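Architecture and fold: a report
Next come the chains, spelled out residue by residue.
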Amino acid sequence: MKKSICLYFQVHQPTRLRQYRFFNIGKDSHYYDDFANRTILHRIASNCYLPMNSLILDLITKTKGAFKVAFSITGSALEQFDRYAPEVIDSFRKLAKTGSVEFLGETYYHSLASLANQVEFKHQVDQHSKAIQSYFGVKPQVFRNTELIYSDSIGKTVHEMGFKAMLTEGAKHVLGWKSPDYIYYDPLQPKLKLLLRNYSLSDDIAFRFSDKGWVDYPLTGEKYLSWLKAADGNIVNLFMDYETFGEHQNASTGIFDFMRYLCEILLKNGSFEFVTPSLAARKYKPVGALEVEDPISWVDEERDMSAWLGNELQQEAFNKLYGQAEKLALVNDATLWNDFGHLQESDHLYYMCTKFFSDGDVHKYFSPYETPYEAFINYMNVLSDFIVRIDDAMATGMPGVTPAPVKARKTEKKPQKPQQAPKAPKTPKAPKEAKAPKPAKAKPGKAAPKVEEIKAEDEPEVKAKAAKPVKAAVEKPAKPAKRRKES
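Everything in this summary refers to the structure shown in the same document. (Residues numbered from 1 in each chain as written. Predicted model: local features only at pLDDT ≥ 70, side-chain atom pairs only at ≥ 80, totals over all residues. Heavy atoms only, no water.)

Some details on the packing of helix α15 (residues 334-343) against helix α18 (residues 372-396)
Heads up, the condition is: Fitting a line to C-alpha atoms yields each axis, with helices limited to the stretch in contact; the angle taken between N-to-C directions then spans 0 to 180 degrees. Helix and strand definitions follow DSSP, with helices as H or I runs of at least four residues and strands as E runs of at least two, each counted in order from the N terminus. Here the angle decides the label: under 35 degrees means roughly parallel, over 145 means roughly antiparallel, 65 to 115 means roughly perpendicular, and every other value means oblique. Crossing handedness is defined as follows: a turn of the near helix away from the far one that is anticlockwise and smaller than a right angle gives a left-handed crossing, while the clockwise case is right-handed. For this analysis, residues touch if any pair of their heavy atoms sits within 4.5 Å. The residue classification treats Ala, Val, Leu, Ile, Met, Phe, Trp, Tyr, Cys and Pro as nonpolar and Asp, Glu, Lys and Arg as charged. All others, Gly included, are polar.
Axis separation between α15 and α18 bottoms out at 11 Å; the angle between their running directions is 155 degrees. Judged by the inter-axis angle, α15 sits roughly antiparallel to α18. In terms of crossing hand, the pair formed by α15 and α18 is left-handed. Within the contact between the two elements, α15 uses T335, L336, D339, F340 and L343 and α18 uses Y379, V382, L383, F386, R389, I390 and A393. Here the residues of the contact of α15 with α18 sort into nine nonpolar, one polar and two charged.

Notes on the pairing of strand β8 (residues 235-241)
Where we set the bar: Exposure classes here rest on a 1.4 Å probe applied to the protein chains alone. A residue is buried below 20% of its type maximum, exposed above 50%, and partly exposed in between. When DSSP finds at least two bridges between two strands, those strands are taken to pair.
Across the seven residues that make up β8, a large majority, six, are buried. Here strand β1 (residues 3-11) runs beside β8; their pairing, made up of seven bridges, is parallel. Counterpart to F9 in the pairing with β8 is M240.

Structural notes on the environment of Y20
Put simply, the rule is: Each polar contact in these results corresponds to two N or O atoms within 3.5 Å; when the atoms are within protein, one needs to be able to donate a hydrogen and the other to accept it, and residues that are neighboring in sequence are counted only if both atoms are side-chain atoms.
With respect to the helices, strands and loops of the structure, Y20 is situated in the loop between β1 and α1 (34-62). Look at Y20 and you get buried, because its relative accessible area is 1%. For Y20 and Y32, which are 12 residues apart along the polypeptide, the C-alpha to C-alpha distance reads 9.1 Å. Sequence-distant contacts of Y20, that is, excluding residues within four places in its chain, are made with I25, G26, D28, S29, H30, Y31, N378, N381, V382 and D385. Within the structure, the side chain of Y20 is placed 3.3 Å from the side chain of D385, a separation counted as a polar contact.

Below is the structure:
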């Protein structure tokens, strides 16, 4: 049986923030660096997207569809393509028409919503699927989460959304003695198949290809072919950033020639075939479960969430942002929702990473800021203004918003009637209270009791001096006290 090669490329461009100072808060709500976004996209389109798409289209044509590849393109990237480089969209559409290219589902904004808010996560996945259908006429069948983030519970949620397979990292601390070159399944949802990235062979191209200090430099097609043959499984998953070609590894390194030659010799060898993720999921049965309780990713040495949530700066920004979701649901304003989405892009948190050594160098390479602290300050200034806008919308009652005072009345208990001061007990009427007992009721042989005259100033002494009828008259004012207790 031929060994399968699954090539997958991530396409993403963040919506970079402009320099936003404290004094802009409440005055200027345009957060994005349009010049930088346009300039960088034009450069990458020229260096990577257009030439690499052309190369892939040529390979598909020459091999009559035998060469296959998969992409995931974020909604943030699609928006920028539409705005600044529509020719990139056209080149991807040409690839879609070949039938040899698969487009995967993911979060629209390349966000960490799967870690924070299930409702927002599902909304973004649905939004992205609709965008892919709109642009390329196909509905995603396989899912890749932001930065290949995965856990058992995330996998279960992904299957509930209708996906049959999912891509993730073949992290060594998770696999142990197992190989990434097989299909596995989610233990919470055995019907969800998992394709694991062979990080060693993937990074040989993505990071080490032009490293002259690498022991295996230069990388040739024959050398790489021998490594693929040595893989012990039935499928080798090569997942990497699409910007590897022409941007991270520029054309002068020979990266384009290498990819063209590698694909040709793999097919000529006769021992390999190219498959898309959905084809791989249909062809191979899982060899076992992959238990991942804590989320993993394909970033940094740790292969965990520390690239985005590893320090207090990142955690504060993350929690404060997602803490606005409930208020946004009440406001339900399209402009605010759009800004909320772009502020969720994981890149903003990535720039705040304070790691050192090799991982720190990678973070610094991608960050537009001098330090992670500058990234944090700038982001929090933007977020502060965003929160002000939400609060203003709540207070002023924008369309779709229940004005704050009305909302308060709906949720509060009915106000109680103000308690009135208890009325002072009425002064017993002298004639009634001073009545002497009837002579007929007096016991024989005893004189009737002498009745004392009761004056108003003697009222406090009524209890002590009055006869039984007077005592009964004094007890009546106790009723108002009983009503106050019930009220």
